[in-house]
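Chain by chain, the residues run as shown.
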Amino acid sequence: MSVAADNDTELDSKTLDPDVQLMLRVKEDDAAAFEQLVELYQNRVIGVIYHMVGNAEEAEDLAQEVFLRVYRSRNGYKPVGKFSTWLFTITNNLALNAIRDRKRRPLRDPSGGSDSGPLGPRPLEQLASAPSGAMPSRIFAKGEMSEIIRAAVQQLSEEQRMAVMLNKFEDMSYRQIAEIMNKSEMAVKSLLSRARSTLREILDPYLRDGSLPEI
Amino acid sequence: MGQEKRLTGEERQLLVAYLDNEVPEEIAAMLESKIAGSASARREVEELRRTWDLLDFLPMPEASTDFSQRTIEVLTQKEKRPSPLPGAVKSWGIKVGSAAAVIAGLIACFCLGWASVAVVPDPNHEIVRDLPVLERFDEYRAVQSLLFVRALRDLKPLEDIEDPFRTVEVPQNDEQSPE
């Protein structure tokens with residue numbers, strides 16, 4: 001990209017994205033602006049990380065680290081592109097690193113259980129043992145449905161999950177997702193296509209007659 | 001009854017991008033035509049849509065009420081800890097430190113180079129030392145005996161001669177002037 005084009009993008013970002021303005025104030029050591037940014041994005045960042053690591057407490061700790069990195073990187077921040085793209089790039093890197101670290105040092109299950117997933121007992125296993133109706137055809141309560149869908153999402157690869165979260169909940173274009181995940185738009189297209197096909201296959205029994213999908 | 005237009009594998013892969021409005025217009029038009037003519041394609045699109053809508057039920061945890069406050073507290077503590085120096089001073093400190101390290105490196109290189117020259121013997125050194133002897137080697141060989149030279153030195157019979165080994169040109173007879 002040419003210098004002129006870079007400057008244009010910088011100018012556009014400054015004028016169009018109010019969060020860029022906030023971040024520029026953070027760059028000037030404005031603590032109130034930083035607090036405002038944290039409050040604006042905290043739930044969104046925690047939500048994305050939660051579905052990556054599968055644990056609310058860990059998600060909150062990692063989200064805190066995301067914001068600390070934002071603050072520490074303030075001097076080098078350049079208002080090129082949307083602020084959220086920059087923020088979720090940090091989020092993606094931290095979440096993937098946390099997952100990699102966990103794979104290197106697997107957590108020991110104190111109960112010694114063997115039929116649970118990496119995130120503890122699988123939600124569908126819990127549901128299956130819950131005395132809440134006849135199987136397989138049943139109507140799930142909203143909480144149960146959330147767990148079924150969460151379990152289905154957990155079946156996706158980490159990269160597919162991240163692409164789905166950014167696409168669905170951050171309403172991001174393939175181009176933005178590609179930038180965040182450091183991939184080509186074609187790769188993102190393929191990731192999302194496979195992710196949604198997998199979700200469709202897993203949730204197919206539920207979509208047809210409300211029965212519990214096999215996970 | 002017209003035959004149903006089935007989606008190819010490639011077109012099926014484009015369905016998600018089509019639903020996300022991420023395909024060019026001409027591809028979108030082609031897919032729409034296929035979907036309109038195929039019940040299975042319509043069913044597939046519908047299932048993809050419904051699956052996507054189900055994600056709205058995903059549990060989304062919210063930040064604890066003091067999250068932003070805690071984050072700022074952690075930041076304040078971490079910012080205080082690393083360096084008591086103001087940013088500009090710290091930055092200059094790093095620059096000066098880097099320059100000093102480079103200079104120290106250069107001095108160390110020079111010392112190492114000098115030491116290697118001083119310690120490792122120069123093969124030409126002996127030749128240079130013996131050069132005066134070598135230059136007059138033929139003359140010394142003509143003398144043949146060192147004892148003779150020493151005796152000659154002690155007797156000092158040639159003191160008045162500037163160079164005792166100078167070759168004296170003996171004039172030829174035919175060049176002598178007739179006297």
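So, how was this worked out
Residues numbered from 1 in each chain as written. Chains lettered and ligands numbered in written order. Predicted model: local features only at pLDDT ≥ 70, side-chain atom pairs only at ≥ 80, totals over all residues. Heavy atoms only, no water. Helix = DSSP H or I, 4+ residues; strand = E, 2+ residues; numbered from the N terminus. Buried < 20%, exposed > 50% of the residue type's maximum accessible area, 1.4 Å probe, protein only. Contact = heavy atoms within 4.5 Å. Areas by Shrake-Rupley, 256 points an atom, 1.4 Å probe, with all protein chains shown as cover. pLDDT = per-residue confidence, 0-100. Phe/Tyr/Trp six-rings, centres within 6.5 Å; stacked < 30°, edge-to-face > 60°. Lys NZ or Arg CZ within 6 Å of the ring centre and 35° of its normal. Lys, Arg positive; Asp, Glu negative; His and termini not counted. Salt bridge = Lys/Arg side-chain N within 4 Å of Asp/Glu carboxyl O. Polar contact = N/O pair within 3.5 Å; in protein donor to acceptor, adjacent residues only side chain to side chain. Buried area = accessible area lost by both parts, 1.4 Å probe. Nonpolar A, V, L, I, M, F, W, Y, C, P; charged D, E, K, R; others polar.

Student: Go over the overall build of chain B with me, naming the residues and quoting the values.
Tutor: Counting its secondary structure elements, chain B contains 8 helices and 0 strands. Helices (α) and strands (β) of chain B occur, in sequence order from the N terminus, as α-α-α-α-α-α-α-α. Put simply, chain B has 179 residues, and 20% of those count as buried. Here the contacts in chain B between residues at least 6 apart in sequence split such that 48% fall between residues at least 24 apart. As displayed, chain B has an accessible area near 14,500 Å², and 58% of this comes from carbon and sulfur atoms.

Student: Can you break down the confidence of the model for chain A residue by residue, with the values?
Tutor: Detailed reading of predicted coordinates is not advised where the pLDDT is low. Residues and elements named next belong to chain A. Here chain A shows a mean pLDDT of 82. Residues at 70 or above account for 74%. Per-element mean pLDDT across chain A ranges from 49 in helix α6 (residues 123-129) up to 97 in helix α9 (residues 174-181). Counted against residues more than four places away or in other chains, residues 109-123, with its pLDDT under 50, gives 15 contacts. Contacts of residues 127-137 to residues separated by more than four positions or lying in other chains number 16 contacts, the stretch itself having pLDDT below 50.

Student: Account for the packing of aromatic side chains, naming residues and giving values.
Tutor: Per the counting criterion, the structure on display carries 6 aromatic pairs over all chains. For the pair Y77 of chain A and F83 of chain A, a centre-to-centre distance of 6.5 Å together with 70° between the ring planes defines the contact as edge-to-face. Here R196 of chain A stacks its cationic end above the ring of W52 of chain B, 4.0 Å away from the centre of that ring.

Student: Residues and numbers for the side chain of D19 of chain A, please.
Tutor: Residue and element names in this part refer to chain A. Structurally, the position occupied by D19 is in helix α2 (residues 18-27). This buried residue, D19, is left without a salt bridge; R44 holds the nearest opposite charge, at 5.6 Å. Within the structure, D19 has its side chain in polar contact with the side chain of Y41 (distance 2.4 Å). Excluding anything up to four places from it in sequence, D19 contacts L37, L40, Y41 and F83.

Student: Hey, could you go over the interface of chain B and chain A for me, with residue numbers and the actual values?
Tutor: Contact residues are listed per partner, giving 35 residues for chain B and 46 residues for chain A. Taking both sides of the interface into account, the surface hidden between chain B and chain A amounts to around 4,000 Å²; carbon and sulfur atoms contribute 66%. Taken together, the links from chain B to chain A amount to 4 salt bridges. Between R196 of chain A and D20 of chain B there is a salt bridge, with its nearest N and O atoms 3.0 Å apart. Among the secondary structure elements, those contributing two or more residues to the side of chain B that touches chain A are α1 (9-19), α3 (39-54) and α4 (67-80) of chain B. Looking at the side of chain B that touches chain A element by element, the count peaks at 10 residues for α4 of chain B. Grouping the amino acids of the side of chain B that touches chain A by side-chain chemistry returns 18 nonpolar, 6 polar and 11 charged.

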